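Summary of structural features
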Amino acid sequence: MGKPFINQAVSKAIENYLKYKGKLEEPIFSTFPVFVIRTLIYIYGELDIINPYITQNEHNMGGFDSNLAKYGFSIEKIQDFKNQFLVYEQELSVNKIPNNGFLKIEKYLIDMYFCKQKTMHTSIELQEEFKTYLYLPENQNSFIQEELNRVVLDKSELLLYFNSIAFEANHNFSVEELRRNTLIPEAYTLLGYSIDQINTLSDVDLRNINAQIYAYFHVNANLPDRDDYLQKAINYYKKYGNRVTSGNGYVDFLLFASVFTTAVFILLLVLFNR
């Protein structure tokens, strides 16, 4: 007998798949390890899974590892995925519940599928077809339900995991670095903060301080040119020693200038009419 492909558990699963794939009613064809091979074939195609077994190519180009990685699934996870077949069998032999090998294999299969969806832009509707290969409580396959009863405590764990990954994949989230936004130094010093204090603040605390400053000077923080208004409000504050009150720094400055000009005009009229 030759050396097993990858490990004894994976090799046996592939052998059973090939032996029974024309006999769908045979219980062995629906055992968990064989069902995993069937799921891999659904995701990658039979050639990508069976050819490496036939040629005993695990690590080289066109081999098992590179085929599983072609949609972006990491090599590190592939190594762990293969090892989890052995974990599954070991924990099954001692009746360990939940079976961690079972759960990790299923979660890796879900990750693989969504790597493919992202890379190949497959239809979201195909997710429902893929779910028939997973050990979910909604799947009415009797072999799947029997395995769930045997190896897990919480039947909903894999469904919750699937829904979480699906939601993320279907909503095109992107992560962008938040820029640290510091205001003009006078905005802080006028309110009693030193620049050294500001430099040591966390990004969250800095955003809170900035919001307080905008509010203090009655500047709308949602305006695209809010910093221009803030500068005008600060200039006004430095010159007249008081804040504006209309909700817009620049408008308040104009309002004050108008009131001040009117007051001066009235005073001059009184003086000249004496």
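The following paragraphs examine the structure supplied in this document. Owing to the predicted nature of the structure, the values given are computational and were not obtained by experimental measurement.

1. Comments concerning the overall build of the protein chain
Check the secondary structure of the protein chain and you find 14 helices and 0 strands. Taken from the N to the C terminus, the helices and strands of the protein chain come in the order α-α-α-α-α-α-α-α-α-α-α-α-α-α. Going through the 274 residues of the protein chain one by one, you find that 36% of them count as buried. Put simply, of all contacts in the protein chain between residues at least 6 apart along the chain, 54% involve residues at least 24 apart. For the protein chain, the accessible surface area stands at approximately 16300 Å², while carbon and sulfur atoms represent 56% of it.

2. Re the packing of helix H6 (residues 100-120) against helix H9 (residues 157-170)
For the pair H6 and H9, the least separation of the axes is 10 Å and the interaxial angle reads 20 degrees. Taken together, H6 and H9 sit at an angle that is classed as roughly parallel. In terms of crossing hand, the pair formed by H6 and H9 is right-handed. Here Phe102, Leu103, Glu106, Lys107, Ile110, Asp111, Phe114 and Gln117 of H6 lie close against H9, whose contacting residues are Glu157, Leu158, Tyr161, Phe162, Ile165, Ala166, Ala169 and Asn170.

3. A word on unusual backbone geometry
With omega at 0 degrees, the peptide bond leading from Ile97 into Pro98 counts as cis. With respect to the helices, strands and loops of the structure, Pro98 is situated in the loop between helix H5 (75-93) and H6.

4. A word on the pattern of salt bridges
Across all of its chains, the model carries 9 salt bridges by this definition. The partner of Glu46 in a salt bridge is Lys21, with the nearest N and O atoms 3.2 Å apart. With Glu46 in helix H3 (residues 46-55) and Lys21 in the loop between helix H1 (8-20) and helix H2 (32-44), this pair connects stretches of sequence that are 25 residues apart. Given the relative accessible area of 31%, Glu46 is considered partly exposed. Note that Lys70 is salt-bridged to Asp48, the shortest N-O span being 2.4 Å. Of the two residues, Lys70 is situated in the loop between helix H4 (64-68) and H5 and Asp48 in helix H3; the sequence distance between them amounts to 22 residues. According to the relative accessible area criterion, Lys70 is partly exposed, its value standing at 42%. For Asp48, a relative accessible area of 16% translates into the label buried. In this structure, a network of salt bridges that share partners links the residues Glu58, Asp65 and Lys82.

Conventions adopted
Residues numbered from 1 in each chain as written. Predicted model: local features only at pLDDT ≥ 70, side-chain atom pairs only at ≥ 80, totals over all residues. Heavy atoms only, no water. Helix = DSSP H or I, 4+ residues; strand = E, 2+ residues; numbered from the N terminus. Buried < 20%, exposed > 50% of the residue type's maximum accessible area, 1.4 Å probe, protein only. Contact = heavy atoms within 4.5 Å. Areas by Shrake-Rupley, 256 points an atom, 1.4 Å probe, with all protein chains shown as cover. Axes fitted to C-alpha atoms, helices over the stretch in contact; angles between N-to-C directions. Parallel < 35°, antiparallel > 145°, perpendicular 65-115°, else oblique. Left-handed = near helix turned anticlockwise from the far one by under 90°. Salt bridge = Lys/Arg side-chain N within 4 Å of Asp/Glu carboxyl O.

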